[in-house]
Amino acid sequence: MLTDRLTFRGRPTVLAALSSLSAPESADTIRRVQTSSAAIDHIGIGVPDLAAAKRYYDDFVAIVGFAEWFPADEHQFNYGPDGATGTQIFFYRADEPGAYSRRGTGLQHLAFTVPDRAAVRRAHEWALERGSDVVHPPRAFPEYGEHAYATYFLDPHGIMLEVVSHAAEAHDGTA
C-alpha cells in the first residue's frame, strides 16, 4: 500500500507531506510546493577503515543531533537527524586504495548546524579529546553570516568537519 511507504522510522517523507496538502489555489502555491521538496537526501563517503570511522562518528553524531538510522554492516553505516527528516550521511568501505585530500577534487568538508555557540565549543573539546587535528578553533566567521560561529577539525581519515551555529551570542554567558 502506498501509505505504508510514506514514512521511514516514523519520519514522513516528502511524498507524504505533499500528499497531505489540499489542492493548490494558484500557480505561485504550486511553485512553492514543488520547490519546498528540493533537498539533498543523502551523501555517501568512502573511507579506508570503516570500523575506525564508525567508532569516531558514533560519538560525534550525538553532539550534532544525529543518530544511526539503519543497522550498520561490514559495508556501510549511516546517520541522519535524530527525530527529524533531513539529509543523511552514509559511510562506505572504500575498496580502492587512495589518499583523501580535502584540497583535491571532491568532498571539501561536511558542516553540521548546532543550536548555539556552547554546542560548537563542546564539539571542539570533543575533537581535542580524541586528538583530532583542529583547523580552526571556535570563533566568529562574519563572512558566513552575521552570527556564524564555528570550529573546524579533521576526522581520522582527514575529512574536515565543521560545527557551526548561526544563533546570536547569548549575553547571559550561556552560549
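It should be emphasised that the depicted structure is a prediction, and the values quoted were computed from it without experimental measurement. (Residues numbered from 1 in each chain as written. Predicted model: local features only at pLDDT ≥ 70, side-chain atom pairs only at ≥ 80, totals over all residues. Heavy atoms only, no water.)

1. Some details on helix α3 (residues 50–63)
Helix length check: α3, at 14 residues, gives a terminal C-alpha distance of 20 Å against a target of 20 Å (1.5 Å per residue), a fit within 8%. Along α3, the largest kink reaches about 30 degrees and is centred on Y57. By the burial criterion, the buried members of α3 are L50, A52, A53, K54, Y56, Y57, F60 and V61. G65 lies just past α3 and shows a positive phi near 80 degrees. (Helix = DSSP H or I, 4+ residues; strand = E, 2+ residues; numbered from the N terminus. Expected span 1.5 Å × (residues − 1). Bend = angle between axes of the 7 residues up to and from the residue. Buried < 20%, exposed > 50% of the residue type's maximum accessible area, 1.4 Å probe, protein only.)

2. Concerning the sheet that holds strand β7 (residues 109–113)
One open sheet holds the four strands; their spatial order is β7-β10-β9-β8, and the pairing between them is mixed. A single partner strand is all that each edge strand has here, and the edge strands are β7 and β8 (134–140). Here the strands of the sheet are splayed against their neighbours by 15 degrees on average, with no regard to which way each runs. Here strand β9 (residues 149–154) runs beside strand β10 (residues 160–165); their pairing, made up of six bridges, is antiparallel. Within β10, the residue paired with T151 across the bridge is V163. (Pairing = 2+ DSSP bridges. Axes fitted to C-alpha atoms, helices over the stretch in contact; angles between N-to-C directions.)

3. Overview of the pattern of salt bridges
Within this structure, the stated rule accounts for six salt bridges. For the salt bridge of R130 with E129, the shortest nitrogen-to-oxygen distance reads 3.4 Å. Residue E129 is classed as exposed on the basis of its relative accessible area of 64%. Within the structure, one salt-bridge network assembled from shared partners comprises K54, D58 and E68. (Salt bridge = Lys/Arg side-chain N within 4 Å of Asp/Glu carboxyl O.)

4. Description of helix α4 (residues 117–129)
The periodicity of an α-helix, 3.6 residues per turn, causes residues three or four places apart in sequence to face the same way. The first and last C-alpha atoms of α4 sit 19 Å apart over 13 residues, in line with the 18 Å expected at 1.5 Å per residue. By the burial criterion, the buried members of α4 are R117, A118, A119, V120, A123, H124, W126 and A127. One side-chain oxygen at the N-terminal end of α4 lies 3.3 Å from the backbone nitrogen of A118; it belongs to D116. Remark: G131 follows α4 within two positions and exhibits a positive phi of approximately 75 degrees. (Polar contact = N/O pair within 3.5 Å; in protein donor to acceptor, adjacent residues only side chain to side chain.)

5. Section: the layout of surface pockets
Regions of empty space are outlined by a rolling probe, equal in size to a water molecule, passed over the atoms. For the second largest pocket, the calculated volume is near 230 Å³. Along its surface, the second largest pocket is lined by 14 residues, and G46, V47, P48, G98 and Y100 are the ones closest to its centre. Its residues assigned to classes, the lining of the second largest pocket shows nine nonpolar, four polar and one charged. (1 Å grid on protein atoms, 1.4 Å probe; cavity = no way out; pocket = protein on both sides within 12 Å on 5 of 7 lines; lining within 4 Å. Points joined across faces, edges and corners; volume = space filled by probe spheres on them. Nonpolar A, V, L, I, M, F, W, Y, C, P; charged D, E, K, R; others polar.)

6. Section: the nonpolar core
With 27 residues, the main nonpolar core has Y57, F60, F91, F112, F153, L161 and V163 as its most contacted residues. Put simply, the parts of the chain that give this core at least two residues each are β3 (42–47), α3, β5 (76–81), β6 (88–93), β7, α4, β9 and β10. Tallying contributions element by element places α3 first for this core, with six residues. If we ignore the near neighbours within four places in the chain, the residues touching V163 are F60, V64, F112, V114, A119, V120, A123, Y149, A150, T151 and F153. Core analysis: the next-biggest nonpolar cluster, separate from the first, contains seven residues, A148, A150, Y152 and V164 among them. (Core = buried A, V, L, I, M, F, W, Y, C linked by side-chain atoms within 4.5 Å. Contact = heavy atoms within 4.5 Å.)

7. Considering the sheet that holds β6
Reading across the sheet, the four strands line up as β3-β6-β5-β4 and stay open at both edges, with mixed pairing between neighbours. At either end of the open sheet lies a strand with only one pairing partner, and these are β3 and β4 (66–68). This sheet shows a mean twist of 25 degrees between the axes of neighbouring strands, independent of strand direction. In this sheet, β6 lies alongside β5 in antiparallel orientation, the contact comprising four bridges. Bridged to N78 within β6 is F90.

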